[in-house]
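Commentary on secondary and tertiary structure
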Amino acid sequence: MNLPSRADNSIIQPRRLTNRRKLLSIGIHAIGLLPLLQLTVLWVRDSLTANPIQFIEQFFGRAALNLLMAVLAVSPLVTLSGWNALIPHRRTLGLYSFFYFVLHFLTFAVLDYGLNWGEILRLSAEKPFIIFGSLAGLILLVLALTSFEYWMKRLKQNWRRLHKAVYLAGALAVLHYALALKGSLATLSGDISRPLAMGALLTLLLILRLPAVRRRIIFLRHQIKK
Amino acid sequence: MKPDPIPSSEITPKDLYLSRREFLKTLGLLAGGAVLAACAPKLAETQSAATAAPRPATASPRPAVTPFSRATADELGDPLNSYKDITNYNNYYEFTTDKQGVAVLARDFPTSPWDVQVHGLVHRPRTFSVDELIRKFQPEERVYRLRCVEAWSMVIPWLGFPLRKLLKEVEPAGSARYVRFEAVYQPEKMPGQKVPFYPWPYQEGLRLDEAMHDLTILATGLYGGELPPQNGGGIRLVVPWKYGFKSIKAIIKIELTAEQPATLWSTVAPDEYGFYANVNPRVDHPRWSQRTERRIGEFGRRDTLMFNGYAEQVAQLYNGMDLRLYY
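What comes next is a walk through the structure. (Residues numbered from 1 in each chain as written. Chains lettered and ligands numbered in written order. Predicted model: local features only at pLDDT ≥ 70, side-chain atom pairs only at ≥ 80, totals over all residues. Heavy atoms only, no water.)

1. Considering a nonpolar patch on the surface
Residue and element names in this part refer to chain A. Nonpolar side chains collect at one region of the surface, where Phe105, Leu106, Val110, Leu115, Trp117 and Leu121 lie side by side and expose about 540 Å² of accessible area between them. Going through the elements one at a time, helix 4 (89-112) and helix 5 (117-126) are the ones with two or more residues in the nonpolar patch. Sort the elements by how many residues they give to the nonpolar patch and helix 4 lands first, with three residues. Mapping Phe105 onto the fold places it in helix 4. On the basis of relative accessibility, which here comes to 33%, the residue Phe105 falls in the partly exposed class. (Patch = residues over 30% accessible without salt bridge, like charges linked within 9 Å, V, L, I, M, F, W, Y side chains within 5 Å. Areas by Shrake-Rupley, 256 points an atom, 1.4 Å probe, with all protein chains shown as cover. Salt bridge = Lys/Arg side-chain N within 4 Å of Asp/Glu carboxyl O. Helix = DSSP H or I, 4+ residues; strand = E, 2+ residues; numbered from the N terminus. Buried < 20%, exposed > 50% of the residue type's maximum accessible area, 1.4 Å probe, protein only.)

2. Re the interface of chain A and chain B
The partner chain B presents 33 residues to the 35 residues of chain A that form the contact. Both faces considered, chain A and chain B share a buried interface measuring about 2700 Å² in area, 50% of it formed by carbon and sulfur atoms. The three residues of chain A that bury the most area against chain B are Ala50, Lys127 and Lys182 of chain A, which together make up 26% of that side's buried surface. Joining chain A to chain B, the criterion identifies seven salt bridges. For Glu119 of chain A, the salt bridge identified is with Arg291 of chain B, shortest N-O distance 3.2 Å. Remark: the boundary between chain A and chain B carries 19 residue pairs in polar contact (both at pLDDT 80 or more). (Contact = heavy atoms within 4.5 Å. Buried area = accessible area lost by both parts, 1.4 Å probe. Polar contact = N/O pair within 3.5 Å; in protein donor to acceptor, adjacent residues only side chain to side chain.)

3. A short note on the pattern of salt bridges
Residue and element names in this part refer to chain B. For the coordinates displayed, the defined rule picks out 32 salt bridges over all chains. Asp74 serves as the salt-bridge partner of Arg145, at 2.9 Å between the closest nitrogen and oxygen. Placement of Arg145 in strand 3 (residues 140-147) and of Asp74 in the loop between helix 3 (41-44) and helix 4 (83-88) is noted, with a sequence separation of 71 residues between them. Using a relative accessible area of 2% as the deciding quantity, one classes Arg145 as buried. Here Asp74 falls in the buried class, since its relative accessible area comes to 6%. Across the pair Glu140 and Arg142 runs a salt bridge whose closest N-O atoms are separated by 3.2 Å. For Glu140, a relative accessible area of 32% gives the class partly exposed.

4. Considering the sheet that holds strand 2 (residues 126-129) of chain B
All names here are of chain B. Reading across from one edge, 2-1-10-5-6 is the order of the five strands in this open sheet, with mixed pairing throughout. Looking at strand neighbours, the two that pair on one side only are strand 2 and strand 6 (203-207), the edges of this open sheet. Neighbouring strand axes in the sheet, compared pairwise and without regard to direction, differ in orientation by 20° on average. As judged from the five bridges shared by strand 5 (residues 178-183) and strand 6, these two strands associate in the antiparallel manner. Paired with Tyr178 across the two strands is Arg207, which belongs to strand 6. Packed onto the sheet, helix 6 (residues 130-137) meets strand 1 (115-120) and strand 2 and runs at close to 85° relative to strand 2. (Pairing = 2+ DSSP bridges. Axes fitted to C-alpha atoms, helices over the stretch in contact; angles between N-to-C directions.)

5. Description of the packing of helix 3 (residues 52-81) of chain A against helix 11 (residues 211-225) of chain A
Residues and elements named next belong to chain A. Contact pair helix 3 / helix 11: the axes reach a minimum separation of 8 Å and the direction vectors enclose 35°. Listed contacts from helix 11 to Val78, Thr79, Leu80 and Ser81 of helix 3 are Arg214, Ile217, Ile218 and Arg221. Per-class residue counts for the contact of helix 3 with helix 11 are four nonpolar, two polar and two charged. (Nonpolar A, V, L, I, M, F, W, Y, C, P; charged D, E, K, R; others polar.)

6. Some points on helix 7 (residues 163-170) of chain B
All names here are of chain B. Of the residues making up helix 7, those classed as buried are Leu163, Leu166, Leu167 and Val170. The buried residues of helix 7 occupy one face: seen down the axis, they fall within an arc of 100°. Immediately downstream of helix 7, the backbone of Glu171 shows phi near 55°, a positive value. (Arc of directions from axis to C-beta.)

Written out as structure tokens, the structure is:
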């Protein structure tokens, strides 16, 4: 996911940094694999609740959403810290998010509904929260497929535009999450604290991404450095 | 995950059970778990209080109730869910929204002594202790299906008595048309009540004829033992043909009213949770389908039954009503 404009300064790096980069890369994969490890531990400890299918389904959904937020946090983090080395890892985190989405969907379609496509399609058409979730997943699918250098080169400027859709995926995923829980955004009551927190985080990350805000932060950062 | 049905050969005969009870009393032991271990070794394996075998009535000063569940299935032939599943998978937002976390957080929640105030449009308002209710109304075992609005279900052997008996005791006035239930509010002991997004305390309501129906019970026990705090102890409502959230837990007040009372979930989301909340596969929750459900312990989904399988007994309560309108 090297952005063309930043590709140059990330390619030529002094050798002493390679170990550090390896560590960073390992760290990123650790973040991506952590949910899988967590689930394995819960499974071994027989802690998947009395309703394991639902638990696993929701667990994968939360993992996909958390990692999607991690993807969206990379750019603002770079803006705030100037740590450019993080940029290429957006792609890795994004692919992990997609990976957990696929597991979430498979749990829903295979384990939960036993590949009863009639029922799955009916639910997908009738229930807004499933529609939002499916759209978010569809976006992640397109972004994952076009995340390779081949597409980056081929789509040129359009690639960046296309991949901005990750914010839309984030918003749809938060909406899907909010509507899946027993609460109401209309009366602001019920089980809404976690979706609200996710929505607030998403909004914050979006604000930090606005060009004007970003320029201001970079300017301030350089001021402090001096 | 499959429930462990107790073979009838392993059910302790009542006289033996009673003598054990005396024996334990003499020793002053709270060793009920050990007694049960013989009958349900699988349940007793785990150490934590939340997963241990039911606290049998022997350990309590309360009058004896059925020692163990004599039933192994509901009237449709579906096996009981295990004690472990029933007491470790709980929807009880007063503690937490994490179904596995409820048993842990509720472990030290005191459920005895427990008082229930019955008041409102009645001729003889009174406060009853649960111990007195148990003595007076002799709880019996009722094996009911519980269908959660989240589309999972269990088969549970409750110990309880018809709510009707209690209502008769206080003599409802002619003007009484509804029954309002209010649950305990103790945020210092129930961390979920500190979450600001709910209009605590939990409250629920029934139409008077629903409340007088023989299937409607106040439960004081489970699997032949006490009613654990995570399942709604000291005392809870069980209305098996309605979604689980109607069966309010930890009741402290029962009030007879002329007007339809507000309920917690219909206050939170009026378009989604109606007053009636009858299990109905043909009327979906706006966000979730109610056509199918997962029985805890089973792999596939099964079709949800009209009135949760109790249509024969309760359908006449709703004659002439549009159940899409009165959801």
